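Observations on the three-dimensional arrangement
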Amino acid sequence: MTPSPESPAPVSHQRRKAERPQELLDAALSLFVEKGFAATRIDEVATRAGVSKGTLYLYYASKEELLKAVIAQRLSSQIAEGARQVAQHQGSCAELLLDVLATWWENVFDSDASGVFKLIITEVRNFPEIAEFYFREVVEPGQNLIGGVVQRGIERGEFRPVQVDMVVHSLVLPMVMLCIHKHSLGACGGMQAMPAPRLFIRQHIALLLSGLCTSVPTSPLPLHTPATP
């Protein structure tokens, strides 16, 4: 009797295997934020993701590579998407910053990607390889993207002739601090979280624009928290 051909793997098993890298990244980020990168063991990540340590190593060679993958997916890819939106934007540079940049930060704050900033600030000094990766994949492209918008506004006469890198820092650093607060004081029981982070994001950018624009911005200062899409 001719043996029957081997049956294909069940669809559910194939789907589970395809989802595994994402499950590992989700588990890693949640543990890194909860316990710290240095204090998290690789077997803890595997356990939370529901796989063996050996299976984890099939996808990521080390804990450092796992964190790099988290940074690349949660932030680097989002910066690339932001660059695409900037390239397609047809309005003024002020509208671009208030619409695209504000929405980008709202999405980051509302997601677990906001936890990456806490990791970088608290632990990257002890992991220079991660620091170099973060600077290359997040800091440089982010600064270039926002700085490019500011420079374009200056050249068009929309913005005052200011020092571009100072404007970039003024736009970005308070947003980073907002994310760090969420995962530090904001995560402590009994501590009051910021009541309207989305409103803060838009008001902060609008306030900076009021000093940056050569004429009064057409968009009024946001007074209410924008509705969640």
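What comes next is a walk through the structure. Keep in mind that what you see is a predicted model, and the values were worked out from it rather than measured.

**Examining the pattern of salt bridges**
Evaluation of the coordinates by the stated rule reveals 14 salt bridges. The salt bridge involving Arg 74 is made with Asp 26; its shortest N-O contact spans 2.6 Å. With a gap of 48 residues between them, Arg 74 in helix α4 (residues 63-88) and Asp 26 in helix α1 (residues 11-35) connect regions that are remote in the sequence. Residue class for Asp 26 comes out partly exposed when judged on its relative accessible area of 33%. Among the salt bridges present, the one from Glu 129 reaches Lys 68, with a minimum N-O distance of 2.5 Å. With Glu 129 in helix α7 (residues 128-155) and Lys 68 in helix α4, this residue pair connects regions lying 61 residues apart in the sequence. With relative accessibility at 43%, the residue Glu 129 sits in the partly exposed group. Here the salt bridges do not stand alone but share partners, grouping Lys 35, Arg 41, Asp 43 and Glu 44 into one network.

Scoring rules and cut-offs
- Each chain has its residues counted from 1, running along the sequence as written.
- Reporting in this predicted model follows two pLDDT cut-offs: at least 70 for local features of residues, and 80 or more for side-chain atom pairs to be given and counted; totals over whole chains, interfaces and linings ignore these cut-offs and use all residues.
- To get the side-chain values, take all heavy atoms of the structure and skip hydrogens and water.
- The salt bridge criterion pairs a side-chain nitrogen of Lys or Arg with a carboxyl oxygen of Asp or Glu, the two atoms within 4 Å.
- Note on conventions: DSSP H or I runs of at least 4 residues are helices, E runs of at least 2 residues are strands, and numbering of each starts at the N terminus.
- Working definition: with a 1.4 Å probe on protein chains only, accessible area under 20% of the residue-type maximum means buried, over 50% means exposed, and in between means partly exposed.

From the geometry alone we can't say anything about function, so treat these as descriptive.
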